[in-house]
Amino acid sequence: MKRILTMQDISCLGKCSITIALPVLSAMGIETVILPTAVLSTHTMFQNFTVKDLSDQIKPITEHWKRENIKFDAIYTGYLGTPEEIELAKNIFQEFKQPDSMIFVDPVMADNGKLYPAFDMAYAKKNAELCAAADVIVPNITEACFMTGIEYQENYNQDYIINLLKKLSELGAKIVIITGVSLSHGKTGAMGYDTNTGEFFSYQNDLVPAKYHGTGDLFSSVCAGAILRGKDLRSAIQLAADYTAETIRVTLKNPNQPWYGVDFESTLPALIDAMRG
């Protein structure tokens with residue numbers, strides 16, 4: 001069984017970060033080890049949430065793992081939150097990366113043309129450094145723009161995305177995937193670039209007219225898991241995009257209207273079946 005380490009925060013209520021990554025990757029047949037960077041009472045879309053930073057625990061935990069000779073087939077980072085935690089993640093890459101392991105980075109920091117309120121350009125630069133140490137990166141369009149210096153555009157064509165992919169690849173990652181890419185009306189998906197082959201690839205499915213917190217984490221977790229389980233990049237992107245879209249559709253049908261996250265628990269059986277295929 002493959003083993004993956006995921007380093008991101010825990011929102012006790014909210015279906016994002018580790019509370020998505022752990023069950024989803026486990027359902028995909030991967031032993032999932034967690035390294036929490038912080039514990040929040042809820043995710044940040046709730047008001048008056050509490051937060052406890054765990055940065056001071058990361059080094060003791062990883063030192064213990066080294067003494068126990070723990071190895072990982074992949075390391076996957078999501079929301080980190082501070083430049084100090086990005087530095088800690090970079091150190092973990094150096095200490096635990098093996099010749100055949102995968103470093104997978106989702107540089108969570110921005111959307112819709114803007115950085116999240118807690119971040120600035122210095123943080124974007126640190127995320128670019130983190131991406132430089134990765135094998136696979138999965139920013140959205142906004143995050144790609146902040147890390148490359150390319151102007152954000154709401155209206156774009158495929159050439160714009162290709163240029164973004166090329167600029168991102170100059171950071172150092174072997175595989176670059178941009179999420180939230182819409183190449184025609186009513187469609188959305190992702191587009192990627194494999195620097196090893198020089199190949200560009202894209203996948204588009206029907207746009208589901210709804211937005212939920214944590215769907216980026218869902219896409220990234222499924223994509224990382226699929227690659228680790230041996231699926232090729234096209235198949236991994238398609239699985240992640242289709243599963244995320246189907247989970248949004250299922251959530252929309254929930255009469256309780258769970259605004260704070262998607263009902264991925266209901267769609268996990270379908271994901272398990274897809275991994276068996």
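Computed from a predicted structure; not experimentally measured.

Whenever I open this one, the packing of aromatic side chains confuses me. Can you help?
Aromatic rings considered in pairs are described by the distance between their centres and by the relative angle of their planes. Scanning the entire structure with this criterion turns up 12 aromatic pairs. Consider the rings of tyrosine 116 and phenylalanine 119, whose centres lie 6.5 Å apart with planes at 40°: the pair is tilted. An aromatic cluster is present here, built from Tyr79, Tyr116, Phe119 and Tyr123 joined pairwise through their rings.

How do you make sense of helix H8 (residues 233–252) when you look at a structure like this?
The periodicity of an α-helix, 3.6 residues per turn, causes residues three or four places apart in sequence to face the same way. Compared with the 28 Å implied by 1.5 Å per residue over 20 residues, the 29 Å span of H8 between its first and last C-alpha is a close match. For H8, the set of buried residues is Leu233, Ala236, Ile237, Leu239, Ala240, Ala241, Tyr243, Thr244, Ala245, Thr247, Ile248 and Thr251. Buried residues in H8 make contact with strand S9 (175–181), strand S10 (187–194), strand S11 (199–206), helix H7 (215–228) and helix H9 (264–276). For H8, the side-chain oxygen to backbone nitrogen distance between the N-cap and arginine 234 is 3.1 Å, and the N-cap itself is aspartate 232.

I tried to follow the sheet that holds strand S3 (residues 51–53) on my own but got confused; where do I start?
As a general point, the strands of a sheet are linked pairwise by backbone hydrogen bonds and lie either parallel or antiparallel. Strand order in the open sheet formed by 9 strands is S3-S2-S1-S4-S5-S8-S9-S10-S11, and the pairing between neighbours is mixed. At either end of the open sheet lies a strand with only one pairing partner, and these are S3 and S11. In this sheet, S9 lies alongside strand S8 (residues 136–137) in parallel orientation, the contact comprising 2 bridges. Looking across to S9, one finds that valine 136 is bridged to isoleucine 175. Strands strand S1 (3–13), strand S2 (31–42) and strand S4 (74–77) of the sheet are contacted by helix H1 (residues 18–27), whose axis makes an angle of about 135° with S1. Each of S1, S4, strand S5 (102–105), S9 and S10 is contacted by H7, which is oriented at about 165° to S5, the strand it contacts most.

The rules behind these values
- Chains are numbered independently. Their residues run from 1 in the order of the written sequence.
- Per-residue local features are limited, in this predicted model, to residues with pLDDT of at least 70; the limit for side-chain atom pairs, both in listing and counting, is 80 or more; totals at the level of whole chains, interfaces and linings are taken over all residues.
- Here the side-chain values reflect all heavy atoms present in the structure, with hydrogen atoms and water set aside.
- Pairing of aromatic side chains requires ring centres within 6.5 Å, counting the rings of Phe and Tyr and the six-membered ring of Trp. Pairs whose planes differ by under 30 degrees are stacked, by over 60 edge-to-face, and all others tilted.
- Helical segments are the DSSP runs of H or I of at least four residues, strand segments are the runs of E of at least two, and each set is numbered from the N terminus.
- Expected helix span is computed as 1.5 Å times (number of residues minus one).
- A 1.4 Å probe rolled over the protein chains alone gives each residue an accessible area, and that area as a share of the maximum for its type sets the label: buried under 20%, exposed over 50%, partly exposed in between.
- Contacts are assigned to residue pairs that have any heavy atoms within 4.5 Å of one another.
- For the purposes of these results, a polar contact is taken to be a pair of N or O atoms within 3.5 Å, where, inside protein, one atom must be able to donate a hydrogen and its partner to accept one; residues adjacent in sequence count only when each atom of the pair is a side-chain atom.
- Pairing between two strands is assigned when DSSP locates at least 2 bridges connecting them.
- Note on method: axes are straight lines fitted to C-alpha atoms, helices fitted across the in-contact stretch only, with angles between N-to-C directions ranging 0 to 180 degrees.

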